[in-house]
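What follows is each chain in one-letter form.
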Amino acid sequence: MYHVFVHSLAHRVLGYIRQEQLLSAGDRVGVAVSGGIDSVALLRLLLELRGELGLVVSVVHFNHKLRGAESDADEQFVAALARDHDLEFFCDGDDVAGHAREEGVSVETAARELRYGFFRYLVGEERDTPGLKPESVRGGLRGPKGPLFHHLDKIGTGHTLDDQAETVLMRMIRGAGLRGIGGIYPRIAVEDEDGEFCGEIVRPLLSIGRRELEQYLREIGQAWREDATNLDEKFTRNRVRKLLVPLLEKEFNPAVAESLAELAEIARGEEDYWENEIAGWMGTGVHWSEPAWARQPAPGLVQIGLPDGDKAPEELRSKIENTRWLVMNASVDRLWFLGEPIAVQRRVVKAMGERAGIPLEFKHVEEILRFAAEEGASGKELSLPLGWKMVCELDELVFLTPDLRQPAPSQDYEYELPLPGEVAVSEAGSLIEVKRVAPGGEAYNPEHLLDADSLPGRLKVRNWRAGDRFWPAHTKSPKKVKELLQERHVAQPERRLWPVVLSGDEIVWMRGFPLPARYQAKPGHEGVLIRERTVAAASE
């Protein structure tokens, strides 16, 4: 039986839920319970509040299968907890370590991808579930065709004030704008396959510290499970939690977690305001138009003026449909733009870049602003990432999408790549991250790791150049990079900007290809992991 008396901590959680409008009467809420302090406390608190809020509570668990028998024991503990409180129990699991190896991502990233994929699967309309094994869902209703889910409106996760502070710190260290400093949002909308809203993931404990939750569980006599990986300092968040936060609390501000959480809340409010403003500007101040070269010819007309390289309009249409950016030009009234505060100018440019698919860093935004304000700039062009151009006219600023009929212009780039560290490659629209992997450390496939002792020199990332050769594993001999990309049917101008990583003068990594066999990690040697993320994903 759950507590009949509402604990004082539950009253505070209730206040936060109402303040953020996280839950409503009639909501079917699946509480994501790992077995640890935070998630177990969330379940017990919502059980205390379900009568007041009018909720239907169930338990959701995802088994990451990272700790063998301990992971299975976590699942059994959570299942027993659901049984004790007579709650429906939805459970699934997957080989997170295997997924990390296959995708070339960290175990943390793989765990989040699979866990949140399961959450999104649970939140939606009632439906048959042919894609999920029947034994994976325990407590779900069975229909005539197999398992049938209840409609879960929301998934509640146990993110705390401490998680918020750690997230803000990590993003500040890596570099982030207001959106990133906003940290963990109290709610995330979930969309179905058609892009329609179907539910939410909510975080009711963002105003509560982890120590308070532990004290609460002790007071009500509720056990929990300890996860040894939370103490492993090879994970960035654990190092921030165990080293950085205590240092800041001791040397600078005992309430640093609360201060960082407040900063996140302020940043989210500012970001919400700006997003509303931007939505208005995108509809009125910024005008989008299809370039003349991309328009479909009217039936019965012959399109003329195509360069010799274009064999047919169908080929051009295929390029347009498969390009990574928006094939549209954008224009802004120059006098209006220059008359706005610099904060507005930056936001307008950044929003245009995001909509068009141009990876604009701060340095690019500042260059655009300087160029727009320059006297006598009328008629001049400014080159932007991915082959975009900005043309400064007397009365307007025009952003021109790359002409896919033409060969991509040369736009070489080259950056030093720290080990460990990361570099934003705006020209390629991605972030390249490098990390060390200790022998016997994280469970990466050796074929995804370079051997630290075998690398011939310092690392740098650049676009490939004429004459470059690369020898992917499982191939007979080195091949020209140009030929490898042609075989993959990589279109211009993306092909010209394709990133490679060199150690000394040798290419040891290339986007989308296996590592060279001779540089792959050897048993007992330190490994080097190189992975790429899109700029949008990196800022998430």
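Residues numbered from 1 in each chain as written. Predicted model: local features only at pLDDT ≥ 70, side-chain atom pairs only at ≥ 80, totals over all residues. Heavy atoms only, no water.

**Brief notes about helix α10 (residues 256-284)**
Here is step 1 of the chain: Look at α10: 42 Å from first C-alpha to last across 29 residues, which is about the 42 Å you get at 1.5 Å a residue.
Here is step 2 of the chain: Those residues of α10 that fall on the buried side of the exposure criterion are Val256, Ala257, Leu260, Ala261, Ala264, Ala267, Arg268, Glu271, Trp274, Ile278, Trp281 and Met282.
Here is step 3 of the chain: Those residues of α10 that are buried lie in contact with α6 (161-174), α7 (178-181), α9 (236-251), β9 (286-289), α12 (334-339) and α13 (342-356). (Helix = DSSP H or I, 4+ residues; strand = E, 2+ residues; numbered from the N terminus. Expected span 1.5 Å × (residues − 1). Buried < 20%, exposed > 50% of the residue type's maximum accessible area, 1.4 Å probe, protein only. Contact = heavy atoms within 4.5 Å.)

**Details of the environment of Cys198**
Here is step 1 of the chain: For Cys198, the position within the fold is in strand β8 (residues 197-202).
Here is step 2 of the chain: For the pair Cys198 and Lys154, spaced 44 residues apart in sequence, the C-alpha to C-alpha distance is 9.0 Å.

**Details of the sheet that holds strand β10 (residues 329-333)**
Here is step 1 of the chain: With antiparallel pairing, 5 strands are arranged side by side in an open sheet as β9-β10-β13-β12-β11. Either end of the sheet is taken by a strand with one partner, and the two such strands are β9 and β11 (380-383). The mean inter-strand angle of the sheet, taken between neighbouring strand axes irrespective of direction, is 20°.
Here is step 2 of the chain: The pairing of β10 with strand β13 (residues 396-400) spans 4 bridges and is classified as antiparallel. Residue pairing across strands places Asp333 opposite Glu396, the latter belonging to β13. (Pairing = 2+ DSSP bridges. Axes fitted to C-alpha atoms, helices over the stretch in contact; angles between N-to-C directions.)

**Concerning the confidence of the model for the protein**
Here is step 1 of the chain: When pLDDT is averaged across the protein, the result is 83; 86% of the residues are at 70 or more.
Here is step 2 of the chain: Contacts of residues 125-149 to residues separated by more than four positions or lying in other chains number 49 contacts, the stretch itself having pLDDT below 50.
Here is step 3 of the chain: This stretch, residues 536-540, has a pLDDT under 50; its non-local contacts, to residues over four places away or in other chains, come to 3 contacts. (pLDDT = per-residue confidence, 0-100.)

**Description of the nonpolar core**
Here is step 1 of the chain: Grouped together as the largest cluster of nonpolar side chains are 58 residues, with contacts concentrated most on Met390, Phe399 and Val501.
Here is step 2 of the chain: Here the element with the most residues in this core is α13; it accounts for 6 residues.
Here is step 3 of the chain: Those residues within four positions of Phe399 in sequence are excluded, and the remaining contacts are Asn329, Ala330, Met352, Ile368, Leu384, Trp388, Lys389 and Met390.
Here is step 4 of the chain: If you look at the next biggest cluster of nonpolar residues, it comprises 41 residues, including Val29, Val40, Leu49 and Val78. (Core = buried A, V, L, I, M, F, W, Y, C linked by side-chain atoms within 4.5 Å.)

**Focus on the sheet that holds strand β3 (residues 89-93)**
Here is step 1 of the chain: Spatially, 6 strands are ordered β3-β2-β1-β6-β8-β7 in an open sheet, and the strand pairing comes out mixed. A single partner strand is all that each edge strand has here, and the edge strands are β3 and β7 (187-191). Pairs of neighbouring strands in the sheet enclose a mean axial angle of 25°, with direction left out of account.
Here is step 2 of the chain: Two strands pair when backbone bridges link them, and β7 and β8 are joined in this way by 5 bridges, in the antiparallel orientation. Considered in β8, the bridge of Val190 is made with Gly199.

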